[in-house]
Amino acid sequence: MQLVTEDNITELAQRRWATAKDPRTAELMTALVRHLHDFAREVRLTEAEWMTAVQWLTATGQISDEKREEFILASDVLGLSMLVVQMNHRFDPAATPATVLGPFHIDGSPELEFGGDMSDDVEGTPLYITGNVRSLDGTPVAGAVLDVWQADAEGAYEAQLDVDEARLRAKYRAREDGAYCVRTITPKGYSIPMDGPVGTLIEQTEISHFRPAHVHFLLTAEGFEPLITHLFEEGAEYLDSDVVFGTKQELVVRFEQREPGTAPDGTTCDVPWVEARYDFVLQPCAPR
Ligand code: BEZ
Ligand code: FE
C-alpha cells in the first residue's frame, strides 16, 4: 500500500491524473492539481474555508440555468475570461481587438436590413452605429454577419427577462462595399447581476460592480477569425473600472448628437439621434 503524506500527495495525485487518455486532458489536469495544491499550501487553507468555497461553488451551479450563467460571470469578474480571450486572439495590432462574450448572448437573432431597427418598442434615444467591415489590407468584407446585442435603459438583457420576441438583438449583413448600419438605442452603463453568489463575494470588496455603456458585436465572415467584441461610448462612466476587464481604448467610440433629419440609412429620423461610426477590421484566418 502506498503511504500518502502531506509531502507526496501532490506528486501522487498528479501521477494519477497523468493517466488521462487524451494527452491534453492529462496536461490540463496535472497542472490543475499542482496549482490547486500550491494554492492550498500557500494560504494554509482551513477545512471551514474549503467548505465555504464548496458551498459557494454549489450555489453558483444551482442558480445557473439556460438563461443565467453564473460561472461565466465568476470567470469574468476574476479576469479569467479576458485573459483567455487575450491569449487566444492575438490579432494584428491593426485588427479590431476581441473582448469578453459575457453571459447574455442569445443564438439565432433575426436578420434585419441595413439600418433596420433592433430596438423596436424599447424606449430610448435612437442610435445609429455605422461604418465598414474590412480586412487588414482595407478590402471590404462583403456579407460579413454582425450579430448585435445590448441591454435596455435599466441594464436588462433579453436573457434576463421573460419575453417571447427578440429584444435589443439582431443580425445585420455588411453590403458589397462592406458598409453596415445598425439602428438601436443608446446603451447605459449597468450593474452585473448582484443577487447571486458572485454578487455576494463582490459585496465583500471595494470592487465597482458596473460596466460602462456598450453594445456587443459578434462578427463572422468566411476566411476571417470570428470577432467577439463591444463598442463603448467615449466618456462613459466606469470605462476605467469595468468589473469584467472588458474595455480597450481601441473600442471606445465617440457618440455624436444629431438633430432630427436624414439618418445614415437614408430614412428620416424626426427626433434627435446619436451616431457612432466604427470600422471593424477582421483578422484573416491563419493558413492551415
Ligand atoms: C455583458 O456585457 O453583457 C456582461 C459581460 C460579462 C459579465 C456580465 C455582463
Ligand atoms: Fe453587456
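Small disclaimer: the values here were computed from a predicted structure and weren't measured.

### Overview of the overall build of the chain
Each helix and strand counted, the chain has six helices and 14 strands in total. Seen along its three principal axes, the alpha-carbon backbone of the chain occupies a region of about 80 × 45 × 35 Å. Here the chain holds 288 residues, and the buried ones make up 42% of them. Put simply, 69% of the contacts in the chain that link residues at least 6 apart link residues at least 24 apart. In the form shown here, the chain has an accessible surface area of approximately 16,600 Å², with 52% of it arising from carbon and sulfur atoms.

### What about the coordination of the iron ion (ligand 2)?
The iron ion (ligand 2) binds to the protein through Tyr157 (OH), Tyr190 (OH), His214 (NE2) and His216 (NE2); the donor distances cover 1.8 to 2.1 Å. Coordination at the iron ion (ligand 2) comes from six donor atoms whose angles at the metal span 54 to 165°, giving a geometry best classed as irregular. In the primary sequence, the donor residues of the iron ion (ligand 2) line up as Y-x32-Y-x23-H-x1-H. With tyrosine 157 in the loop between β2 (145-149) and β3 (169-173) and histidine 214 in strand β7 (residues 214-220), this pair connects stretches of sequence that are 57 residues apart. Residue classification places tyrosine 157 among the buried positions, given a relative accessible area of 1%.

### Describing the UniProt feature "domain: Intradiol ring-cleavage dioxygenases" (unreviewed entry) in the chain
Feature annotation in UniProt assigns "domain: Intradiol ring-cleavage dioxygenases" (unreviewed entry) to the following positions: residues 129-157. From the first C-alpha to the last, residues 129-157 spans 19 Å; its make-up is 0% helix and 41% strand.

### Considering the pattern of salt bridges
Taken as a whole and assessed by the stated rule, the structure comprises 14 salt bridges. In this structure, the salt-bridge partner of arginine 211 is aspartate 242, at a minimum N-O distance of 2.7 Å. Placement of arginine 211 in strand β6 (residues 210-211) and of aspartate 242 in the loop between β8 (227-233) and β9 (252-253) is noted, with a sequence separation of 31 residues between them. The pair arginine 211 / aspartate 242 is uniform in exposure class, with both members buried. A single salt-bridge network, built from bridges that share partners, covers Arg68, Glu70 and Asp195.

### Structural notes on the site of ligand 1
Around ligand 1, the surrounding shell consists of Leu73, Asp76, Gly102, Pro103, Phe104, Tyr157, Tyr190, Ile192, Arg211, His214, His216 and Val244. One of the side-chain nitrogen or oxygen atoms of tyrosine 190 is found 2.6 Å away from an oxygen atom of ligand 1. One of the side-chain nitrogen or oxygen atoms of arginine 211 is found 2.5 Å away from an oxygen atom of ligand 1. Protein burial of ligand 1: of its 260 Å² of free accessible surface, 100% is covered by the chains. In a pocket analysis with a 2 Å cut-off to the grid points, ligand 1 is assigned to the largest cavity.

### Some remarks on the nonpolar core
Counting 36 residues, the largest nonpolar core has Ile129, Val133, Leu146, Phe217 and Phe280 as the members making the most contacts within it. Mapped onto this core, the elements with two or more residues apiece are β1 (126-135), β2, β3, β4 (179-185), β7, β8, β13 (273-277) and β14 (280-282). Setting aside residues up to four positions removed in sequence, phenylalanine 217 forms contacts with Ile129, Leu146, Asp147, Val148, Trp149, Val182, Leu227, Ile228, Thr229, His230, Leu231 and Phe280. Leu73, Ala74, Met194 and Val243 belong to the second largest nonpolar core, which has 11 residues in total.

### Some details on helix α5 (residues 80-88)
Along α5, the positions that sit buried rather than exposed are Ser81, Met82 and Val85. The arc that holds every buried residue of α5, seen down its axis, measures 95°, which confines them to one face. On the buried face of α5, the contacting elements are α4 (70-77).

### As for empty space enclosed by the protein
Taken as a whole, this structure holds two cavities of 30 Å³ or more when the rule is applied. Contributing to the lining of the largest cavity are 14 residues, with Asp76, Gly102, Pro103, Tyr190 and Arg211 lying nearest its centre. Its residues assigned to classes, the lining of the largest cavity comprises 10 nonpolar, two polar and two charged. Of the pockets and cavities examined, the second largest cavity occupies roughly 50 Å³. Looking at the second largest cavity, the residues that line it are Phe104, Ile106, Trp149, Gln150, Tyr157, Glu158, Ala159, Arg167, Leu168 and Arg169. Residues belonging to the lining of the second largest cavity are distributed by class as follows: six nonpolar, one polar and three charged.

### Notes on the layout of surface pockets
Roughly 1,300 Å³ of internal volume is contained in the largest pocket. If you go around the largest pocket, you meet 33 residues; those closest to its centre are Leu36, Phe39, Trp50, Ala53 and Leu57. Broken down by secondary-structure element, the contributors of at least two residues to the lining of the largest pocket are α1 (9-17), α2 (23-43), α3 (47-62), α4, α5 and α6 (197-202). Class assignment for the residues of the lining of the largest pocket results in 20 nonpolar, seven polar and six charged. When residues of the lining of the largest pocket are sorted by domain, at least three fall in each of domain 1 (1-45) and domain 2 (76-282).

Rules used in this analysis
- Residues numbered from 1 in each chain as written.
- Chains lettered and ligands numbered in written order.
- Predicted model: local features only at pLDDT ≥ 70, side-chain atom pairs only at ≥ 80, totals over all residues.
- Heavy atoms only, no water.
- Helix = DSSP H or I, 4+ residues; strand = E, 2+ residues; numbered from the N terminus.
- Buried < 20%, exposed > 50% of the residue type's maximum accessible area, 1.4 Å probe, protein only.
- Contact = heavy atoms within 4.5 Å.
- Areas by Shrake-Rupley, 256 points an atom, 1.4 Å probe, with all protein chains shown as cover.
- Donors = N, O, S within 2.8 Å, 3.2 Å for Na, K, Ca; no water.
- Tetrahedral: all angles 85-135°; square planar, octahedral: opposite > 155°, others 65-115°.
- UniProt positions renumbered as here; feature names shortened; annotations may be inferred.
- Salt bridge = Lys/Arg side-chain N within 4 Å of Asp/Glu carboxyl O.
- Near = heavy atom within 4 Å.
- Polar contact = N/O pair within 3.5 Å; in protein donor to acceptor, adjacent residues only side chain to side chain.
- 1 Å grid on protein atoms, 1.4 Å probe; cavity = no way out; pocket = protein on both sides within 12 Å on 5 of 7 lines; lining within 4 Å.
- Sits in = over half its atoms within 2 Å of the grid points.
- Core = buried A, V, L, I, M, F, W, Y, C linked by side-chain atoms within 4.5 Å.
- Arc of directions from axis to C-beta.
- Points joined across faces, edges and corners; volume = space filled by probe spheres on them.
- Nonpolar A, V, L, I, M, F, W, Y, C, P; charged D, E, K, R; others polar.
- Domains from an automatic or database assignment.

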